[in-house]
Amino acid sequence: MNSNSLLFSPFPLPNGISLPNRLVKAAMEENLSNPQLEPDKALWNLYETWAHGGVGTMITGNVMVDHRAMTGPGGVVLEEGSRLEGFRQWSSKAKAAGGKIIMQINHPGRQVLAKLGGEVWAPSAIAVDIGKLSKLLGKPRAMTKTEIEETIHRFAKTSMLAEESGFDGVEIHAAHGYLISQFLSPIANQRKDEWGGSLENRSRFLLEVIQAVRKTVKPNFIVAVKLNSADFQKGGFQFQDAKEVISKIQTLGVDFIELSGGNYEAPAMQGESRDGSTISREAYFLEFASEVAKTATVPILVTGGIRRKQIAESVLDSGVPLVGIATALALNPNLPNDWKTNSQSERHLPDPNWKSKTLKGLANMAMVRYQLNRLSENKKPTVQVSPIIRLMMDQIRLARLTKRYQKWIQNISK
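Conventions we followed
- Residues numbered from 1 in each chain as written.
- Predicted model: local features only at pLDDT ≥ 70, side-chain atom pairs only at ≥ 80, totals over all residues.
- Heavy atoms only, no water.
- Patch = residues over 30% accessible without salt bridge, like charges linked within 9 Å, V, L, I, M, F, W, Y side chains within 5 Å.
- Areas by Shrake-Rupley, 256 points an atom, 1.4 Å probe, with all protein chains shown as cover.
- Salt bridge = Lys/Arg side-chain N within 4 Å of Asp/Glu carboxyl O.
- Helix = DSSP H or I, 4+ residues; strand = E, 2+ residues; numbered from the N terminus.
- Buried < 20%, exposed > 50% of the residue type's maximum accessible area, 1.4 Å probe, protein only.
- Pairing = 2+ DSSP bridges.
- Core = buried A, V, L, I, M, F, W, Y, C linked by side-chain atoms within 4.5 Å.
- Contact = heavy atoms within 4.5 Å.
- Axes fitted to C-alpha atoms, helices over the stretch in contact; angles between N-to-C directions.
- Left-handed = near helix turned anticlockwise from the far one by under 90°.
- Nonpolar A, V, L, I, M, F, W, Y, C, P; charged D, E, K, R; others polar.
- Phe/Tyr/Trp six-rings, centres within 6.5 Å; stacked < 30°, edge-to-face > 60°.
- Polar contact = N/O pair within 3.5 Å; in protein donor to acceptor, adjacent residues only side chain to side chain.
- Parallel < 35°, antiparallel > 145°, perpendicular 65-115°, else oblique.
- pLDDT = per-residue confidence, 0-100.

Enquirer: Could you give an account of a nonpolar patch on the surface, with specific residues and numbers?
Expert: A cluster of nonpolar residues, Ile388, Ile389, Met392, Met393 and Ile396, forms a patch on the protein surface that exposes about 490 Å² of accessible area. The topology assignment puts Ile389 in helix 14 (residues 387–413). Using a relative accessible area of 48% as the deciding quantity, one classes Ile389 as partly exposed.

Encoded structure:
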């Protein structure tokens with residue numbers, strides 16, 4: 001069997017569900033909800049386009065478990081009381097070509113824009129430090145035990161509603177500095193109770209979320225976890241911590257673990273603060289993932305900068321069975337089909353050569369979101385973009401969406 005056929009061969013998960021191939025569309029933050037924070041035509045079009053592009057499994061961008069805490073103003077929320085029709089359409093369009101659709105579920109914790117308002121919860125009242133831009137994020141307060149338990153319940157409820165809406169699974173977001181990742185981090189979590197201190201206590205929140213979700217959904221519903229290989233911050237969550245957490249969570253009925261890294265303070269997921277083990281600046285986290293895959297009892301998915309077929313094949317050759325692709329699919333939604341016919345069309349966004357890692361990260365996200373927006377309108381992606389113009393236009397768009405969110409939250413609070 002050649003490596004090409006292996007990339008496109010089915011892959012069985014521990015719960016007996018088989019993924020159509022080894023290629024997974026990794027999550028990107030779309031900010032394409034309607035004014036009620038629901039999915040509609042924009043997201044349906046986007047995912048239908050990817051479905052026909054040949055990727056076997058898609059993981060959605062963040063779907064929030066609590067409307068009071070958003071990673072961005074155009075995000076989607078699924079919670080008790082949500083209308084499910086838009087979600088049913090979303091899952092149906094995403095599965096139009098026989099692929100699987102997994103909903104990434106998340107709570108931002110302290111990574112909430114100050115302008116958005118809402119609840120800025122965290123394990124401890126420690127703000128995100130991104131230098132001069134720190135004031136852009138809300139000031140967090142430490143969660144009470146009741147709030148911790150309520151949030152665990154919310155993850156389970158959102159999973160149940162995702163299953164009702166036709167999704168094949170959920171991915172619990174425990175990476176990139178969001179709430180679960182904050183609990184895991186000794187920098188963000190300085191609690192003195194059973195939710196903080198030792199790694200055993202810091203991982204308790206994640207373990208309880210997984211157990212609550214697994215109890216709520218059917219055995220053949222996929223439950224995955226996205227975990228940082230490391231935070232890439234001195235004194236933060238480290239590679240050895242990740243290995244220990246993986247050994248704990250793989251016993252809880254998890255179907256695969258996606259490895260990424262970084263957070264707002266060290267955006268390794270965009271290629272900054274890399275762990276030095278990149279292949280031609282691709283597959284940022286591959287070395288760690290291949291090491292973990294040797295002993296893990298559940299499949300590993302690695303994401304981070306993969307653009308070329310030979311890199312995807314090298315991921316499989318290293319013992320990691322699932323390949324996550326993000327930006328490359330925003331630039332060419334037909335990439336898997338192109339790889340099948342050995343047609344290579346590598347596309348790159350311009351690299352903003354700026355000193356500020358945070359501003360660079362925001363510009364990269366803005367350029368990717370612009371592609372997603374074009375795809376949602378059935379337009380072709382374009383690499384002819386200016387990082388500074390896209391960043392400015394994205395900020396204008398986000399400001400408009402922020403006003404829309406504030407109006408919506410006022411209305412439902414009445």
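Enquirer: So what's going on with the pattern of salt bridges? Which residues, and what values?
Expert: One pass over the full model with this rule turns up 18 salt bridges. Across the pair Arg141 and Glu147 runs a salt bridge, and its minimum N-O distance is 2.8 Å. Residues Glu291 and Lys243 are paired through a salt bridge, measuring 2.4 Å at the closest nitrogen-oxygen approach. Taken together, the positions of Glu291 in helix 9 (residues 286–295) and Lys243 in helix 8 (residues 239–249) put the pair 48 residues apart, joining distant regions of the chain. Overlapping salt bridges, with partners in common, bring together Asp66, Arg68, Glu79, Glu150 and Arg154 in one network.

Enquirer: Give me the lowdown on the pairing of strand 14 (residues 322–325), citing residues and values where you can.
Expert: Across the two faces of strand 14 the burial is the same, with Leu322 and Gly324 and Val323 and Ile325 all buried. Pairing of strand 3 (residues 23–25) with strand 14, which is carried by three bridges, proceeds in the parallel orientation. Directly across from Val24, in strand 14, lies its bridge partner Gly324. Relative to strand 14, strand 13 (residues 300–303) is paired through three bridges, and the arrangement is parallel. Bridge pairing in strand 14 links Val302 to Val323.

Enquirer: Let's hear about the nonpolar core: which residues, and what values?
Expert: Judged by nonpolar contacts, the single largest core of 95 residues is most densely connected at Ile172, Leu206 and Leu227. With near-sequence residues (within four places) excluded, Leu206 lies in contact with Ile172, Ala174, Ile180, Leu184, Val225, Leu227, Val245 and Ile249. Core analysis: the second largest hydrophobic core is formed by 13 residues, Ile59, Ile222, Phe256 and Leu301 among them.

Enquirer: Describe the packing of helix 4 (residues 145–164) against helix 7 (residues 204–216), with residues and values.
Expert: The N-to-C vectors of helix 4 and helix 7 enclose an angle of 35°; their axes lie 8 Å apart at closest approach. For helix 4 against helix 7, the interelement crossing comes out right-handed. Here Ile148, Thr151, Ile152, Phe155, Ala156, Ser159, Met160 and Glu163 of helix 4 come into contact with helix 7, specifically with Phe205, Glu208, Val209, Ala212, Val213 and Thr216. Of the residues in the contact of helix 4 with helix 7, the class split is nine nonpolar, three polar and two charged.

Enquirer: Got a sec to walk through unusual backbone geometry? Specific residues and values, please.
Expert: Residues other than glycine seldom take positive phi values, yet His176 does so here, at roughly 60°. Counting through the fold element by element, His176 comes out in the loop between strand 10 (169–174) and helix 5 (179–184). One non-glycine residue with positive phi stands out, namely Asn378, at about 60°.

Enquirer: Pulling in residues and values, what's your account of the packing of aromatic side chains?
Expert: Summed over all chains, the structure comprises eight aromatic pairs. Between Trp195 and Phe205, the aromatic rings sit 6.4 Å apart at their centres with planes inclined by 75°, giving edge-to-face as the arrangement. Separated by ten residues along the polypeptide, Trp195 in the loop between helix 5 and helix 6 (199–202) and Phe205 in helix 7 bring together distant segments of the chain. Take Phe205: its relative accessible area is 0%, and that puts it in the buried class. Summarising the aromatic geometry, the rings of Phe239 and Phe288 are spaced 5.1 Å apart at their centres and angled 40° between planes, so their arrangement reads as tilted. Here Phe239 is found in helix 8, whereas its partner Phe288 is found in helix 9, with 49 residues between them in sequence.

Enquirer: Summarise the side chain of Gln250; cite the residues concerned and give the values.
Expert: Inspection of the secondary structure puts Gln250 in the loop between helix 8 and strand 12 (256–260). Residue classification places Gln250 among the buried residues on the basis of a relative accessible area of 16%. Within the structure, Gln250 has its side chain in polar contact with the backbone nitrogen of Thr297 (distance 2.9 Å). Each residue touching Gln250, except ones within four places of it in the same chain, is listed here: Ala296, Thr297 and Val298.

Enquirer: Tell me about the packing of helix 13 (residues 357–376) against helix 14, residues and numbers included.
Expert: For any two helices packed against each other, one specifies the inter-axial angle together with the distance between the axes. Two elements in contact, helix 13 and helix 14, have axes whose closest approach is 8 Å; the angle formed by their N-to-C orientations is 75°. For the element pair helix 13 / helix 14, the angle class is roughly perpendicular. Residues Leu359, Leu362, Ala363, Ala366, Met367, Arg369, Tyr370 and Asn373 of helix 13 form the contact with helix 14, whose own contacting residues are Pro387, Arg390, Leu391, Asp394, Arg397 and Leu398. The residue makeup of the contact of helix 13 with helix 14, split by class, is nine nonpolar, one polar and four charged.

Enquirer: So what about the environment of Lys215? Which residues, and what values?
Expert: Tracing the chain through its elements places Lys215 in helix 7. Its relative accessible area of 74% is what places Lys215 among the exposed residues. For the pair Lys215 and Ala156, spaced 59 residues apart in the sequence, the C-alpha separation amounts to 8.2 Å.

Enquirer: Residue-level account of the confidence of the model for the protein, with values.
Expert: Looking at the protein as a whole, the pLDDT averages 89, with 91% of positions reaching at least 70. Here residues 265–281 is a poorly scored stretch, pLDDT under 50, and it has 52 contacts once near neighbours within four places are set aside; other chains count.

Enquirer: How would you summarise the environment of Val112 if you had to cite specific residues and measurements?
Expert: Turning to its location among the elements, Val112 is positioned in the loop between strand 7 (100–106) and strand 8 (121–122). Residue classification places Val112 among the buried positions, given a relative accessible area of 1%. Counting along the chain gives 230 residues from Val112 to Asn342, while the straight-line C-alpha distance between them is 42 Å. With near-sequence residues (within four places) excluded, Val112 lies in contact with Met70, Gly117, Glu119, Val120, Leu136, Leu137 and Gly138.

Enquirer: Account for the pairing of strand 12, with residues named and values stated.
Expert: Counting buried positions over the five residues of strand 12 gives five, a clear majority of the element. Where burial is concerned, the two faces of strand 12 agree: the one with Phe256, Glu258 and Ser260 and the one with Ile257 and Leu259 are both buried. For strand 11 (residues 222–228) and strand 12, the ladder comprises five bridges, and the chain directions are parallel. The residue bridging Val225 from the neighbouring strand is Ile257, located in strand 12. Across three bridges, the pairing between strand 12 and strand 13 is parallel. Residue pairing across strands places Glu258 opposite Leu301, the latter belonging to strand 13.

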